[in-house]
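Observations on the three-dimensional arrangement
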Amino acid sequence: MTENQRVRTAADLLEKGALAEVGALLTESHVSLRDDYEVSWAEADVAVEAALAAGALGARMFGGGFGGSVLALAHRDAIAAVSDAVGKAFAERGWTVPGFLETTAGPAARAL
């Protein structure tokens, strides 16, 4: 129920361009996945923590199972700092530094 409410709230916030608030919801979602459902893993948790500490507006794990990823929402001018911080946090732990994919949101889905 809480995740469904976060999605509804995030949709409303995205329409208003309230990215900082959307970021906070992403992070709340990660905390719920980690603590309530116990489906996160150490590397995802470290990536989220490092991204947030480096200026990401929010971050959460997604996927999982045999892999998974972390989505970090950041302003364009923070992307290098966020990816550098995550890479450094992994290297400090002796983990393989992850790959990063920078992307920009496109238009919403629509019927053609």
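Residues numbered from 1 in each chain as written. Predicted model: local features only at pLDDT ≥ 70, side-chain atom pairs only at ≥ 80, totals over all residues. Heavy atoms only, no water.

An ideal rise of 1.5 Å per residue puts 16 Å on 12 residues; helix α3 (residues 42–53) measures up with 16 Å between its terminal C-alpha atoms. Buried residues along α3 sit in contact with α2 (19–35), β1 (58–62), β2 (69–73) and α4 (79–92). Residue G55 follows α3 closely and has a positive phi angle near 115 degrees. (Helix = DSSP H or I, 4+ residues; strand = E, 2+ residues; numbered from the N terminus. Expected span 1.5 Å × (residues − 1). Contact = heavy atoms within 4.5 Å.)

With that settled, the discussion passes to the side chain of S40. Mapped onto the secondary structure, S40 falls in the loop between α2 and α3. A distance of 2.6 Å separates a polar atom in the side chain of S40 from a polar atom in the side chain of D45. Contacts of S40, omitting those with residues within four sequence positions, involve H30, L33, R34, D45 and M61. (Polar contact = N/O pair within 3.5 Å; in protein donor to acceptor, adjacent residues only side chain to side chain.)

Another point: the environment of F90. Mapping F90 onto the fold places it in helix α4. Among the residues examined, F90 registers a relative accessible area of 7% and is labelled buried. Sequence-wise, F90 and E38 are 52 residues apart; in three dimensions their C-alpha atoms are separated by 21 Å. When residues no more than four places from it in sequence are discounted, the contact partners of F90 are E43, V46, A47, W95, T96, V97 and P98. (Buried < 20%, exposed > 50% of the residue type's maximum accessible area, 1.4 Å probe, protein only.)

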